[in-house]
Amino acid sequence: MADISRPARPVILGQNQYGKAENRVVKITRDGATHHIKDLNVSVALSGDMDEVHYSGSNANVLPTDTTKNTVYAFAKEYGIESAEQFGIHLARHFVTSQEPIHRARIRIEEYAWERIEASEANSRSIGADEAKHSFVRKGQETRLTQITYDGETWEVVSGLKDLVVMNSTNSEFWGYAKDKYTTLKEAYDRILATEVSGRWRFNWTDDEQRMPDWEKSYEQVKKHMLQAFAETYSLSLQQTLYHMGARIISHRSEIDEVRFSLPNKHHFLVDLEPFGLKNDHEVYFAADRPYGLIEATVLRDGCEAKIPEDLTNL
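Residues numbered from 1 in each chain as written. Predicted model: local features only at pLDDT ≥ 70, side-chain atom pairs only at ≥ 80, totals over all residues. Heavy atoms only, no water.

Here's the deal with the side chain of serine 159
Applicable threshold: Counting from the N terminus, the helices are the DSSP runs of H or I reaching at least four residues and the strands are the DSSP runs of E reaching at least two. When a residue's accessible area, from a 1.4 Å probe over protein chains only, is under 20% of the maximum for its type it is buried; when over 50% it is exposed; and in between it is partly exposed. N or O atoms within 3.5 Å of each other form a polar contact, as long as, within protein, one can give a hydrogen and the other can take it, and as long as residues adjacent in sequence are counted only when both atoms are side-chain atoms. In this analysis, two residues are considered to be in contact whenever any of their non-hydrogen atoms come within 4.5 Å of each other.
With respect to the helices and strands, the residue serine 159 is situated in strand β5 (residues 155-168). Note on serine 159: relative accessible area 1%, which makes it buried. Polar contacts involving the side chain of serine 159 include one to the side chain of glutamate 85, which spans 2.6 Å. Polar side-chain contacts of serine 159 include one of 2.9 Å to the side chain of threonine 146. Ignoring any residue separated from it by four or fewer positions in sequence, one finds serine 159 in contact with Glu85, Leu145, Thr146, Gly199, Arg200, Trp201 and Phe203.

If you want it as structure tokens, here you go:
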């Protein structure tokens with residue numbers, strides 16, 4: 001009788017990693033009566049000499065995931081959180097350099113923005129100027145993202161954002177497209193162009209000998225150029241707008257070599273008001289949430305290699 005307890009052919013372990021995901025950490029920096037907030041969701045993934053824990057269950061090379069969680073909170077105190085990127089760099093360097101079996105660390109961070117609530121009057125009895133300096137409202141525009149990867153020698157920093165909804169109420173057309181027997185869409189010479197931006201950009205800072213970018217300034221400038229390109233491009237297609245957004249970032253930010261966007265076309269269709277005896281002169285629209293066109297592309301600095309994954313859902 002055959003021994004079914006042994007595999008018919010050799011079995012080996014493939015890529016593996018472990019860590020603690022979604023560590024929610026909020027850091028309050030007190031500058032006298034004025035407070036500053038950094039609100040992060042930090043995920044740690046570690047890999048290296050981890051074959052034995054999979055084959056035999058030996059935990060000799062395993063740093064507990066609870067320890068990685070504790071490190072996130074301790075580092076928020078020890079180093080502060082200057083930026084999501086800088087915090088991720090501190091964590092990645094620590095895990096790779098402090099634990100010999102760990103050869104690679106990947107830190108993914110989502111940052112949730114808050115803005116200060118302004119007091120109605122400086123001398124208000126109910127909410128004075130000092131109190132307003134520690135009152136905040138959660139921003140609803142976008143979630144900031146970064147992924148830090150370190151192998152002991154080389155850094156890769158990919159930052160970005162998601163859930164940034166933008167709209168042009170005019171200066172957009174869509175016509176001259178290929179048609180077949182299934183085509184029913186009418187050509188549009190004045191349409192709403194709206195999308196929910198998911199974007200990532202890769203920095204060309206890769207080792208400690210290079211000058212590190214100003215992460216906070218870089219994020220604000222990238223977002224500014226992205227939005228300006230969206231607003232200023234007379235669009236004949238969402239693809240054209242995407243390219244101009246990426247090209248403007250590459251042209252204005254020397255620290256970035258690659259940008260990738262995933263842009264769902266948030267369709268707005270003119271409502272037929274003729275049955276009610278009304279003329280709809282590009283005034284009333286139906287906002288359709290699905291199905292939607294999905295436009296994705298990478299924009300690169302000339303001579304650079306694309307490294308951001310095509311699928312952004314896990315980055």
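So, next bit.
Description of the packing of aromatic side chains
In plain terms, the rule: Any pair of Phe, Tyr and Trp rings, taking the six-membered ring for Trp, is counted once the centres come within 6.5 Å. Such a pair is stacked with planes under 30 degrees apart, edge-to-face with planes over 60 apart, and tilted for the rest. Two limits define a charge over a ring: the Lys NZ or Arg CZ must be within 6 Å of the ring centre, and within 35 degrees of the ring normal.
According to the stated counting rule, one finds eight aromatic pairs in the structure shown. Aromatic pair phenylalanine 75 and tyrosine 79: ring centres 4.8 Å apart, planes at 55°, arrangement tilted. The exposure class of phenylalanine 75 is buried, given its relative accessible area of 6%. Using a relative accessible area of 44% as the deciding quantity, one classes tyrosine 79 as partly exposed. With a centroid separation of 5.7 Å and an interplanar angle of 25°, the aromatic rings of tryptophan 175 and tyrosine 189 are classed as stacked. Of the two residues, tryptophan 175 sits in the loop between β5 and β6 (193-203) while tyrosine 189 sits in the loop between β5 and β6, which places them 14 residues apart along the sequence. One aromatic cluster is present, built from ring pairs that chain together Tyr150, Trp155, Phe203, Trp205 and Trp215. When the ring centre of tyrosine 219 is taken as origin, the NZ or CZ atom of arginine 144, which lies over that ring, is 4.4 Å away.

A closer look at the environment of alanine 33
Looking at the element boundaries, alanine 33 is found in the loop between β1 (23-31) and β2 (34-48). Alanine 33 gets classed as partly exposed once you look at its relative accessible area, which sits at 36%. A C-alpha to C-alpha distance of 6.6 Å links alanine 33 and lysine 133, two positions 100 residues apart in sequence.

Focus: the nonpolar core
As a reminder of what qualifies: Buried residues of nine kinds, namely Ala, Val, Leu, Ile, Met, Phe, Trp, Tyr and Cys, make up a nonpolar core once their side-chain atoms join them within 4.5 Å.
Counting residues in each nonpolar core, the largest one holds 52 residues, and the members touching the most others are Val42, Phe87, Ile107, Val197, Trp201, Met226 and Phe261. Top contributing element to this core by residue count: helix α3 (residues 84-98), with seven residues. Apart from residues no more than four positions distant in its own chain, valine 197 is found in contact with Leu161, Lys162, Asp163, Leu164, Val166, Met226, Met245, Phe261, Ser262 and Leu263.

As for the side chain of aspartate 257
Tracing the backbone shows aspartate 257 in strand β7 (residues 256-265). Once residues within four sequence positions are removed from consideration, aspartate 257 is found in contact with Arg202, Asn204, Ile250, Val299, Leu300, Arg301 and Cys304.

Overview of α3
Quick note on the threshold: Working rule for helices: expected span equals 1.5 Å times residues minus one.
End to end, α3 covers 21 Å across 15 residues, agreeing with the expected 21 Å (1.5 Å per residue, within 8%). Within α3, burial applies to Ala84, Glu85, Gln86, Phe87, Gly88, Ile89, Leu91, Ala92, Phe95 and Val96. Summarising the contacts, the buried residues of α3 are in contact with β2, α2 (65-78), β3 (102-116), β4 (136-150), β5 and α5 (215-232).

Describing a negative patch on the surface
Note the threshold: Patch membership needs two things, relative accessible area over 30% and no salt bridge, and members are linked within 9 Å if like-charged or within 5 Å if nonpolar (Val, Leu, Ile, Met, Phe, Trp, Tyr). In these tables, accessible area is a Shrake-Rupley quantity obtained with a 1.4 Å probe, and a residue counts as shielded only by the protein chains included in the view. Each salt bridge in this description consists of a side-chain nitrogen of Lys or Arg and a carboxyl oxygen of Asp or Glu lying within 4 Å of one another. Charge assignment in this entry is limited to Lys and Arg as positive and Asp and Glu as negative, and neither His nor the chain termini are counted. To locate a charge, take atom NZ for lysine, CZ for arginine, CG for aspartate or CD for glutamate.
A cluster of acidic side chains, namely Asp49, Asp51, Glu52 and Glu100, defines a negative patch on the protein surface. Mapping aspartate 51 onto the fold places it in helix α1 (residues 51-55). Look at aspartate 51 and you get partly exposed, because its relative accessible area is 39%.

What to know about the pairing of β2
Rules: Two strands are said to pair when DSSP picks up at least two bridges between them.
Across the 15 residues of β2, 12 count as buried, placing the element largely inside the fold. Both β1 and β2 contribute to a ladder of nine bridges, which runs antiparallel. Within the sheet, the bridge partner assigned to threonine 29 lies in β2 and is histidine 36. Between β1 and β2, which pair antiparallel and follow one another directly, the connecting turn spans two residues, one of which, glycine 32, has a positive phi of 65°. Relative to β3, β2 runs antiparallel, the two sharing 10 bridges. If you follow valine 44 over to β3, its bridge partner there is isoleucine 107.

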